[in-house]
Amino acid sequence: MTSRLLGRVDLGRAVLALGLCGAAGGILVAGLVMPLVGGAGLAARSAASTLTDLPAPLREEPLPEVTRLLDRNGHQIAQFYYQNRQSVPLSAVAPVMRQAIVAIEDARFYEHGGLDLKGTLRAFVTNTRAGGIRQGGSSISQQLVKNIMLSQAESEQERAQALVRSFRRKLDELRYALALERKYTKDQILERYLNIAYFGAGAFGVQAAAKRFFGVDAADLTLTQAATLAGAVRTPYDTDPSLGDERRERLRARRDLVLGRMAELGVIGKDAARTAAAEPLALHLRPEPGGCAGSAHPFFCVYVEREVLTNPAFGYTRADRERRLQRGGLTIWTTIDPVAQRAAERAIAARVRPRDNQVASETMIEPGTGLIRAMAVSKRYGRNPHDRDLGPSTTYNLAADTAHGGGLGLQAGSTFKVFTLATALKQGMRFGDGFTIPGAYVPSYGYRDCSGRAVNDPNTVIHNAGGEGGGGPYSLEMGTWQSVNIFYMRLEREVGLCDVVQTAKSLGIRRADGTPLHEVPTFTLGANEMDPTTVAAAYAAFAARGRYCRPMAITAVVERDGTRTEIPPACVTALEPAVADAVSHVLTGVFTKGTMRGQSIGRPAAGKTGTNNGYTSAWFAGYTPGLAAAVSVGDIRGSYRYPLTGVTIGGRYYGAVQGASLPGPIWVDSMHAALRDTPPYGFVPPDMARFGGGFTPGLKEALEKQREKEKKKREAERGKHDDGDSASASDKDATDGAASGGEQGSGSARTTPLAGGGRTTPTAVRAVSAAPPSRSTVVHPTRDSPAATGARSVARGTSPRAPLRRGPGGVPATTDGTGWASLARPHAAPPAAPPAVRRAEARRDTARHGAAQHGAAQHGAAQHGAAERGTQKHGANNHGTADHGTAGRRAAVPPRTPGARHGAVSHEGRHPRTTHDATHDAKHGAAHAAKQPARGRASRRAEAPARRHHPVHRVRRHA
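Residues numbered from 1 in each chain as written. Predicted model: local features only at pLDDT ≥ 70, side-chain atom pairs only at ≥ 80, totals over all residues. Heavy atoms only, no water.

Draft legend 1. Region of interest: the overall build of the chain. When its secondary structure is counted, the chain shows 34 helices and 24 strands. Every one of the 959 residues in the chain was classed for burial, and the buried ones make up 56%. Across the chain, contacts joining residues at least 24 apart in sequence account for 74% of those joining residues at least 6 apart. Carbon and sulfur atoms make up 53% of the accessible area of the chain, which amounts to about 38800 Å² in all. (Helix = DSSP H or I, 4+ residues; strand = E, 2+ residues; numbered from the N terminus. Buried < 20%, exposed > 50% of the residue type's maximum accessible area, 1.4 Å probe, protein only. Contact = heavy atoms within 4.5 Å. Areas by Shrake-Rupley, 256 points an atom, 1.4 Å probe, with all protein chains shown as cover.)

Quick look at the structure:
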């Protein structure tokens, strides 16, 4: 009660003093006070009641704080803010800064109770004499109230009301200041004021101002620096040093005024004040850009920003999410890896320039988690001069989809063939299985989308090499390595278009523009527009043995109060691990025997090129067990109007840009650098008992003829050079190697074909530099065709399964319109083999007759071929039984372990040989080794239907 009475007495004195100020000082103060004391009785009592019945303190919303983005190592890469502010406790502010702000703004701050009557009168007289503002008339508490009102203004109208000069606003400000004095201690009020005040140059709060003006923390401010900041508070716009020399001179004058005031109050000595005033401002204005334009990694920053603004976890509405991003003071831990990011940026910059109309984009993703490790684009982020559409900059995040700031995407080309490959393996197809294709193909029947609607296109003709190529036999591996369009169109029809689409969807495939996928016959050729992030995430699932993870840019969010929320990966099992391993096994051959032959990252890797029809875009997508990446290249003016033909990119001329000629090298360089400190793990070997043993009729003969043709051509070119033997040997090795389905990937350590798996142990990496260069860089593609010099036949498989029934006339029944989707299923019990397996067996049996295409392909390897050739003669095993026509007994023969017949990868995985096997080899192996090839060729000539030989050297690498 006593304190309340004393408070009223003090307030009465305040009113009286203000009245005296008005009488002595002028109309302004008199006008402010007269309504309170202008009459006796009711007016005076009303004024006293207004001041004594104080309101509750202002509702204080959390101050707008800077949201910071950190990389995986905790280094800041970007920041977002409505106001550039980072609140700090008073203990983190240099004492000299506290002294300077109190000296110039409210010298009696620690003495008065919210309204400093003496200070107000003194400021009024001083400012009147000086003809301008030299001292503050409001207390720090009053200034805090005004700043709180400004910070809570949501619109320009509310902001104008907070700044309007009126008696009512001044009175409210005073009442709230008195309320704050009751709620907080003096130090708490000073701390809030230092954190809320605007210092100019876009800096809110003393910490942001210290960083912005001098590049130091508030705790490290010197006397001169503190006086400079204290002088800026009163008129921050007039003294903004970022706006020119005139304002800097005003700021220096304000600094010297603060120093003089501090000396006058005895806070510092006069000599110290003079010394400090003689120093220059010594500003080190450090830009504090907000948003992604000022980020070191702007395109990744855009991805994170869009992730926050579209994720309900950050707020119910977009406005809520934007307010939280700009004002929330969050610390967002992101996934970006500086090493991988630099690798991607440098690899792109080395080949594509910002001013090129063609643009390259790359995203790197960690398999098994979906963490985005790098995101790079060849152009700079931002607007072009004069706001032109074309130029060295862009505001589109071309590495991502439209939902994350990207464009409409580019057709993904033959990178989509991997989804057809995975579907075929899932449905029961084996390594080495294949069929003969025509030179041109019309998808006139057999294609239905997932709604059951026929989507055939009888008006489209598909070619292998832009109309140049012919047909011929292809195995699953060769069709993949050489990226044969017709083979994959036929394969897609067999396995079912919808099944391929469902496989792609399960691996996260969505169109870049967010619309439904186009389920058309050319789906497997990449007819849908995609972005590198989506494609990289899909390929990462194969590296993770079928585990698909949604691309992820944020791992944790820390609130301003320190509360940390971890964000786990969002993953599902999209494929069986065994199927994913089989896909990886095939895709490793792209580097050693296919379109990327001669390009290596020095460790096991798998991937697929992509070149669209008409060269509208080019891609490469690939992976190692630890990192996946996808690279796209297209013209920013429009990929259909401006194809990648006859173009100069990065100072290099390209007659036509293919997946292996530009995206491939970018991928190789970026992955090599990104993984330089990572052990070279290998892939899990495929289950050869399940996937080995396929057969393609006529493939071996086609490759032999092609090899002879290439051999003669080389001999003619070499003339007198006597090195024909070595060339022949290399040709022979190339053909023989592919017959096993391709044992090794790019630079991989040899591993046994075990069905089980895990990562292989890091081993010494075998260099592959001896391989011929990629076709994209060769003047004579005929000479260095992957099929001619590097492709390895898959005419024989590795499983010891019995040969199975042939189709009518010895030709696989692949043209009857029945898809693999309805027929191909893994066989569980021997008596009930699925139709698709029987169809594959029929193909394998077409030209077998003594296993000539299996045994002969080993070039007399008695340890593998002799046993089978001998057993055919005597009928001692399942192969002989099958050749004698006992089709009913064939299915009952249990399959043997991988490698028993030919040893798919190495001899370590072979089935243990019996005493009978050894004795049989000794007695009959040598004789049959000499007789069998001739007999096999005769039987093939008698039974195999006429077919065109495949001109392998003319097959263009599509997509």
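Draft legend 2. Spotlight on the sheet that holds strand 1 (residues 67-70). Reading across the sheet, the 5 strands line up as 2-1-5-17-18 and stay open at both edges, with mixed pairing between neighbours. Looking at the sheet topology across the chains shown, the edges are occupied by strand 2 (76-80) and strand 18 (564-566). When strand polarity is set aside, the average angle formed by the axes of neighbouring strands in this sheet is 20 degrees. The pairing of strand 17 (residues 554-558) with strand 18 spans 3 bridges and is antiparallel. What sits directly across from V558, in strand 18, is R564. (Pairing = 2+ DSSP bridges. Axes fitted to C-alpha atoms, helices over the stretch in contact; angles between N-to-C directions.)

Draft legend 3. Quick look at helix 17 (residues 417-426). Summarising burial for helix 17: 9 of the 10 residues are buried, a large majority. Along helix 17, the residues classified as buried are K417, V418, F419, T420, L421, A422, T423, A424 and L425. A positive phi of about 120 degrees marks G428, the residue just after helix 17.

Draft legend 4. A look at the environment of G562. Residue position: G562 is located in the loop between strand 17 and strand 18. Separated by 232 residues in the primary sequence, G562 and L330 place their C-alpha atoms 9.2 Å from one another.

Draft legend 5. Quick look at the packing of aromatic side chains. Inspection of every chain in the model, using the stated rule, returns 18 aromatic pairs. Residues Y198 and Y237 carry aromatic rings whose centres are separated by 5.4 Å and whose planes lie at 40 degrees to one another, so their mutual orientation is tilted. Of this pair, Y198 sits in strand 3 (residues 198-200) while Y237 sits in the loop between helix 11 (223-232) and helix 12 (245-264); the two residues are 39 residues apart in sequence, bridging distant segments of the chain. Residue Y237 is classed as partly exposed on the basis of its relative accessible area, which comes to 49%. Over the aromatic face of Y82 sits the side chain of R327, whose NZ or CZ is 3.8 Å from the ring centroid. (Phe/Tyr/Trp six-rings, centres within 6.5 Å; stacked < 30°, edge-to-face > 60°. Lys NZ or Arg CZ within 6 Å of the ring centre and 35° of its normal.)

Draft legend 6. Region of interest: the state of the cysteines. Counted by the stated rule, this structure contains 3 disulfides. C292 shares a disulfide with C301; S-S distance 2.1 Å. Because the torsion about its S-S bond is -80 degrees, the bridge between C292 and C301 counts as left-handed. The buried category is assigned to C292, whose relative accessible area is 5%. There is a disulfide in this structure between C450 and C498, and the S-S distance comes to 2.2 Å. (Disulfide = S-S within 2.5 Å.)

Draft legend 7. Representation of the nonpolar core in the model. Within the largest apolar cluster, 130 residues are counted, with the highest numbers of intra-cluster contacts made by F419, Y623 and W667. Per-element accounting of this core gives the leading share, 9 residues, to helix 21 (residues 532-543). Those residues within four positions of Y623 in sequence are excluded, and the remaining contacts are Y539, F542, A543, V583, S584, L587, A605, A606, A628, W667 and F683. L144, I148, A232 and L283 belong to the second-largest nonpolar core, a separate cluster that totals 54 residues. (Core = buried A, V, L, I, M, F, W, Y, C linked by side-chain atoms within 4.5 Å.)

Draft legend 8. Region of the structure containing the pairing of strand 20 (residues 606-611). With 6 of 6 residues buried, strand 20 is to be regarded as a mostly interior element. Residues A606, K608 and G610 point to one face of strand 20 and G607, T609 and T611 to the other, with burial holding for every one of them. Note that strand 20 and strand 21 (residues 617-623) share 6 bridges and pair antiparallel. Paired with A606 across the two strands is Y623, which belongs to strand 21. The turn joining strand 20 and strand 21, which pair antiparallel and follow one another in sequence, is formed by 5 residues; a positive phi near 80 degrees is taken by G614.

Draft legend 9. Up close: the packing of helix 17 against helix 21. The N-to-C vectors of helix 17 and helix 21 enclose an angle of 35 degrees; their axes lie 11 Å apart at closest approach. Crossing hand, helix 17 versus helix 21: left-handed. Each of V418, F419 and A422 in helix 17 lies in contact with helix 21, whose residues at this interface are A538, Y539 and F542. Each residue belonging to the contact of helix 17 with helix 21 can be placed in one class, and the counts come to 6 nonpolar, no polar and no charged. (Left-handed = near helix turned anticlockwise from the far one by under 90°. Nonpolar A, V, L, I, M, F, W, Y, C, P; charged D, E, K, R; others polar.)

Draft legend 10. Quick peek at unusual backbone geometry. The phi torsion at S483 lies on the positive side, around 55 degrees, for a residue other than glycine. Mapped onto the elements of the fold, S483 is located in the loop between helix 18 (476-481) and helix 19 (485-495). Judged by its relative accessible area of 0%, S483 is buried. Backbone geometry at R545 places phi at a positive 60 degrees, although glycine is not the residue there. Within the fold, R545 resides in the loop between helix 21 and strand 16 (547-549). Residue R545 is classed as partly exposed on the basis of its relative accessible area, which comes to 28%.

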